[in-house]
Amino acid sequence: MIYKSSIIALFASFICLGAYIRLPVGMTVIVFQNVLCIFFAIILGGKIGILPTLLWLCAGLIGFPVFAGGQSGFVALFAQWGGFYLGYLLGAIIVVLIVKMPRVDESKSLKKNIRLILAFIAGMIVMYIPGVAWYGVYTSKNSFINSSSKQIIVSNLVPYQKMKANYGLSPFKFKLR
């Protein structure tokens, strides 16, 4: 029990540190928390897979500056990036439901590896849904997803340098139709 609690606390602290590892891409900033919440849910699996993300979220809500940009408290949930914090938790839940607890006979099987990869992709997609939706609602009362939300999606999926080098585009001018 103490071992599991220690692992959960350690992983939650890594998620906290992930808020300060940032990659600026165009107008958006990608924080390392995106990957860590999903990755730790995959590693732990089972019933405890969402606990590091939940512990990190609770730490941020009670006032520790563990959200992106050193934000904390309930105010951060209602800021423009607040939907992503809910998305981190939902993504971890989806991953845990897909991965479950690995069985001994699946230790090195192709089926397990495919399930882990699909769980990671599904978790990342589910994580972005409330984040982009909340950002769209926060920044524009007229549309569900506006051009700024599209920039978030594009800049997270397509690296800025590759877009600029191959197509002469930047995320500021890129438009989805």
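Overview of the structure. Note that this is a predicted model, so its numbers are computed, not measured.

**What to know about the overall build of the protein**
Then, in step 1: Within the protein, the secondary structure is distributed over 8 helices and 2 strands.
Then, in step 2: Its helices and strands in sequence order give the protein the pattern α-β-β-α-α-α-α-α-α-α, from N to C terminus.
Then, in step 3: Burial analysis of the protein (177 residues in total) assigns 40% to the buried set.
Then, in step 4: About 10,500 Å² of surface is accessible on the protein, with carbon and sulfur atoms providing 71% of the total.

**So, the nonpolar core**
Then, in step 1: Within the largest apolar cluster, 32 residues are counted, with the highest numbers of intra-cluster contacts made by Trp56, Phe67, Tyr85, Tyr88 and Val95.
Then, in step 2: Of all elements in the fold, only helix 1 (2-18), helix 2 (33-44), helix 3 (51-61), helix 5 (82-99) and helix 6 (110-139) reach the threshold of two or more residues within this core.
Then, in step 3: By residue number, the principal contributor to this core is helix 5, which donates 8 residues.
Then, in step 4: Excluding anything up to four places from it in sequence, Tyr88 contacts Val31, Gln33, Asn34, Cys37, Thr53, Trp56 and Met127.

**Here we look at the packing of aromatic side chains**
Then, in step 1: Following the criterion strictly, the structure yields 10 aromatic pairs and no others.
Then, in step 2: A centroid spacing of 5.3 Å and a plane angle of 55 degrees characterise the contact between Trp56 and Tyr88, whose relative ring orientation is tilted. Linking Trp56 in helix 3 with Tyr88 in helix 5, this pair joins segments that are 32 residues apart in sequence.
Then, in step 3: For Trp56, a relative accessible area of 0% corresponds to the buried category.

**Brief notes about helix 5**
Then, in step 1: Across its 18 residues, helix 5 extends 26 Å between first and last C-alpha, which sits within 8% of the 26 Å expected from 1.5 Å per residue.
Then, in step 2: Lys100 lies just past helix 5 and shows a positive phi near 55 degrees.

**A look at helix 3**
Then, in step 1: Burial in helix 3 covers these residues: Pro52, Thr53, Trp56, Leu57, Ala59 and Gly60. Buried residues of helix 3, seen end-on, are gathered within an arc of 160 degrees and therefore sit on one face of the element.
Then, in step 2: Positive backbone phi, approximately 125 degrees, marks Gly63, located one or two places after helix 3.

**Some thoughts on the side chain of Gln33**
Then, in step 1: Tracing the sequence through the fold places Gln33 in helix 2.
Then, in step 2: Not counting the four nearest positions on each side in its chain, Gln33 is found in contact with Ile15, Cys16, Gly18, Ala19, Trp56, Val66, Phe67, Ala68 and Tyr88.

**Things to note about the environment of Trp56**
Then, in step 1: A sequence separation of 42 residues divides Trp56 from Phe14, and the C-alpha atoms of the two residues are 9.3 Å apart.
Then, in step 2: Apart from the residues within four sequence positions on either side, Trp56 is in contact with Ala12, Ile15, Cys16, Gln33, Cys37, Val66, Phe67, Tyr85 and Tyr88.

Cut-offs and rules
- Residues numbered from 1 in each chain as written.
- Predicted model: local features only at pLDDT ≥ 70, side-chain atom pairs only at ≥ 80, totals over all residues.
- Heavy atoms only, no water.
- Helix = DSSP H or I, 4+ residues; strand = E, 2+ residues; numbered from the N terminus.
- Buried < 20%, exposed > 50% of the residue type's maximum accessible area, 1.4 Å probe, protein only.
- Areas by Shrake-Rupley, 256 points an atom, 1.4 Å probe, with all protein chains shown as cover.
- Core = buried A, V, L, I, M, F, W, Y, C linked by side-chain atoms within 4.5 Å.
- Contact = heavy atoms within 4.5 Å.
- Phe/Tyr/Trp six-rings, centres within 6.5 Å; stacked < 30°, edge-to-face > 60°.
- Expected span 1.5 Å × (residues − 1).
- Arc of directions from axis to C-beta.

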